[in-house]
Each structure stands twice: as C-alpha cells, then as structure tokens.
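Given next are the chains, with one letter for each unit.
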Amino acid sequence: MAQAPGIDPQVRVALEVKYQQRQAVAVVLLVTAALAYLAASGPADSRAGGAPPVPPVPAVAQQNQMHRVVHQLQQRLHELPQDKDSWAKLGSSYVELARVTADPAYYAKAEGALKNAGDTGLAAIGMGTLANSRHDFHTARDWAQKAITALPSSSEAYGVLADALTQLGDDAGAQDAVQKMLDLKPNTASFARASFHFELHGDVDGARDAMQRALKAATTPEEIAFCRYRLGELAFDHNRLDEAAQHYAQGLAARGDDMTLTQGMAKVTAARGEVPVAIESYRRLVARAPLPQYLQEYAELLEANGRGDEAARQYDVLSEQQRLMESQGASDDLAAALVAADRGDGMQALRRAEAEWSRRQSVFVADAMAWALHVNGRDAEALGYSDRAVALGWQNATFSYHRGMILAALGRVAEAQEALVQALRLNANFSPLQALKAGRKLAELRGGR
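Values in this document were obtained by computation on a predicted structure and should not be read as measured data.

## Here's the deal with the pattern of salt bridges
Evaluation of the coordinates by the stated rule reveals 26 salt bridges. Notably, a salt bridge pairs Asp333 with Arg352, separated by 2.6 Å at the nearest N-O pair. Taken together, the positions of Asp333 in helix 18 (residues 333–342) and Arg352 in helix 19 (residues 346–359) put the pair 19 residues apart, joining distant regions of the chain. Judged by its relative accessible area of 10%, Asp333 is buried. Its relative accessible area of 10% is what places Arg352 among the buried residues. Salt bridges sharing partners connect three or more residues here, namely Glu326, Asp333, Arg352, Glu356, Arg359 and Arg360.

Rendered as structure tokens:
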C-alpha cells in the first residue's frame, strides 16, 4: 500500500496490527458507527459542503426500533428520574432520530435530555455529538475533550473529537484522535474514520483498505450497510460505476430499504443514462427523507435534463429545509454557500462562505470560498483559496472542477484544461449539472475560443 503524504506511519501500523485484535473487541453500537460522518453531512464528492459523506439512513424497521428504544428510556426515566446514564442515552437517541428522520426538532429534545444527564462522560459525548450534528465544531471539540477527561479510555469520545477537528481543519489533531481510536478499539467506527483520513490525503487505496477492514469488523446489518455505502462511494467517486453498484446492491441485501444505499443506486442509474428511472428513484427518496444532499442531487438531475420548473421546486424545498435546520440551531453556511454559487447567486454565496470561514478554515471551506469568490469575479483571490483546498492531496472531482474554472477565468488555459480533465477523469458523474459545464468549458478551451 503506497504511503500517503502527511500521514503518520503509526496510523498504518494500527491498521495492520490492531486489526488482528478485532475479534477480542466488542463491535461499537450502531449509533457510534453511524456518527463517524454525521459531523458534516454532505455527499462524498462535496456537492453539498465538501464534507465527509453521511452514513446510510436506517431502514423503516430500524427507525421504528429506535422509537421503541426512546419509549423504553422514557418509561425508565419516569420511574427513575435520577438515572443519568439513561438521560444520556435518551439524548443520543434523539440526535440519531434527527438524522434519520431529517427532523431537526429532535435537537432541542436531545439537548434537554443531555442536560438532565448532568456532568458525566456519557453526557459529554452526547453533547459533543449534538454539537457536531449542528455544525458547531468548536463546541463539539470542547465537549469531546471534557468527555476524554472523564472517560480517557472511550474510543467514542475520541471519535467525536476526530470529527470536530477534521471539520475545523486541524489535520494533525484529527490524525492523533483517529490513531487513539484505533489503539483503543479497532472496530467499524475507528476504521471508517481512518478510511476518510486516508481519502483526504489522496490515498484512495489506503481508504479502500481501511473500509474493507471496517466491513470485516461489522456484525450488524446496519454496520454492513454503512460500510458497503462507503465502499460504493469510493468507487463512484473514481469512475468505477460497476463496482459502486455492486457495493450498493450488497448493502441493500443486508438492509433492504436503506435510503442512502438507494440514493447510491439512483446515482449509478443516472450515470448510466437511465434518467427516467433515476428521477423516479429520487422522487421517492426525497418524499421519504428530504435531506439537503438528496434534494440538491435531485434538483440538479432535473435541471440537467431540461426540467427547470421541477428543479426550481426542489431548490425551494432545499431552501426551506435549510431554514428549518437553522431554526433549530444547526447552521450549515458551507452547504448553502455552494448551492448559492452553483446557482449564480454571488452575493449570497460569498456571505455564507465568509461566515463559515470565520468559524473554521478546513479544506472544505477553502473550496467554498474559492468558488464563491469565482462567482463574484474575484478569481485572483479565489485561486489562493483553491490552493488551500487541494493542500492535503484529496482527489476530489468537484475541487478540481472549481479550480479549473478559476484558472480558465484567469486565462491560464493549459492549467485550466489539466484541472478540468482531472475532474472528469476522477469522476465524470460528480454532479449531473456541473459535470456538463466542466465538459463544455473543456471543449471551449480546447477549441481556442
């Protein structure tokens, strides 16, 4: 396996050595495994924020089971209102319900329950997870550190810390947190985070290997679905449609009505040119789960295929969903900035991107700043942010597309062509709409116009 630049060799030692110990370690609960990427939900190729991909949305049967767990905890707390661990578990369950139902009203319930849990390590993990899901990454980092102080052997606490530091742009700190997770518990959750760390540094083979190990450590249908989704995303994001479809299908075999795996299959269907089938799949998907990622992908697919009025309605729903999330304390200026920039709303895009940049300076936000500045005609400034976006080496088609368009606007034709070729070589289907624009700009540059 090739060494990825900037990655501590100890991380790889953990992948090679600690994996051998996995049979002696209990597999993490579903909530922890799923929350590996909850911190910044968005599609793998950064179409809605450049963040780690969201984990699979559990099937309806599992959602019902989660509601039963919440009910059981509520009953227990009615009888034992001083049971702090049950309050903490209830709060974490509400955070998970907010994710799988796309209903941010659960955030307030989660916060209330976690406050009732008092000053415990479990409560701090729950508060950190809640802050990550609200995109309040500084607060999440602080809660994670409190949790680690109370529970120094908790891999879950280090997972919350790794998620927060990744989003804050503290690459070295995130790497250390992932390493600690692997040392403490080499399971599905820790291997998944290691996988994303490798991916961010351009080590696709390392990311795939770590995710395969996460799959081997998985014991529940939910964990298997999660791992198959991530493996499918790694394949899709590197132009391997058949491999992606195989992983999505195998995940659906484990968890039949998993919505994220269904979204993956819809993406493959669209990429293969089966547009009517893909549109119908997305229509059903957003009816079940109006998550911003799904809404944006659906709107772009409609727009790319000449159905502008229908696309506009989906963009309206997306805007309303963003307002709803913000009303519950879940800010997502990053995703909003990229959507606004893609739609040509330069003022809104830059306002949102600058707000996010004031809070954190990660590669994800650097790309959003670059794109927002480009839309506003400030390409010299945009290029500086684009340089920061690609600094870790992430092989990301959207980043390459943005960079190519910025370079083209600056008249640096040869470099622009190289970046646009790279975007389409990495993933010719990174976006139903923006990939078309990338192809058109590349043809224009090659034609000398």
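## What to know about the UniProt feature "repeat: TPR" (unreviewed entry) in the protein chain
When the UniProt feature table is mapped onto this chain numbering, "repeat: TPR" (unreviewed entry) sits at residues 155–188. Between the C-alpha atoms that bound residues 155–188 the distance is 11 Å, and the span itself is 85% helix and 0% strand.

## Some words on unusual backbone geometry
For His135, which is not glycine, the phi torsion reads 65° and is therefore positive. If you trace the backbone, His135 turns up in the loop between helix 6 (121–133) and helix 7 (137–150).

## Describing the confidence of the model for the protein chain
Caution is warranted with low-pLDDT regions, since their predicted coordinates should not be read in detail. Residues at a pLDDT of 70 or more form 86% of the protein chain, whose mean pLDDT is 87. Within the model, pLDDT remains below 50 along residues 1–44, and this stretch shows 130 contacts once partners closer than five positions in the same chain are excluded. Across residues 46–58 the pLDDT falls below 50, and counting only partners more than four positions away or on other chains, this stretch makes 78 contacts in the model.

## Brief notes about helix 14 (residues 259–271)
Look at helix 14: 18 Å from first C-alpha to last across 13 residues, which is about the 18 Å you get at 1.5 Å a residue. Where helix 14 is concerned, the buried positions are Met259, Thr260, Leu261, Gln263, Gly264, Ala266, Lys267, Val268, Thr269 and Ala270. Among the residues of helix 14, the N-terminal cap falls to Asp258, whose side-chain oxygen and the backbone nitrogen of Thr260 are separated by 3.0 Å. Just downstream of helix 14 lies Gly273, where phi reads positive at about 90°.

Rules used in this analysis
Residues numbered from 1 in each chain as written. Predicted model: local features only at pLDDT ≥ 70, side-chain atom pairs only at ≥ 80, totals over all residues. Heavy atoms only, no water. Salt bridge = Lys/Arg side-chain N within 4 Å of Asp/Glu carboxyl O. Helix = DSSP H or I, 4+ residues; strand = E, 2+ residues; numbered from the N terminus. Buried < 20%, exposed > 50% of the residue type's maximum accessible area, 1.4 Å probe, protein only. UniProt positions renumbered as here; feature names shortened; annotations may be inferred. pLDDT = per-residue confidence, 0-100. Contact = heavy atoms within 4.5 Å. Expected span 1.5 Å × (residues − 1). Polar contact = N/O pair within 3.5 Å; in protein donor to acceptor, adjacent residues only side chain to side chain.

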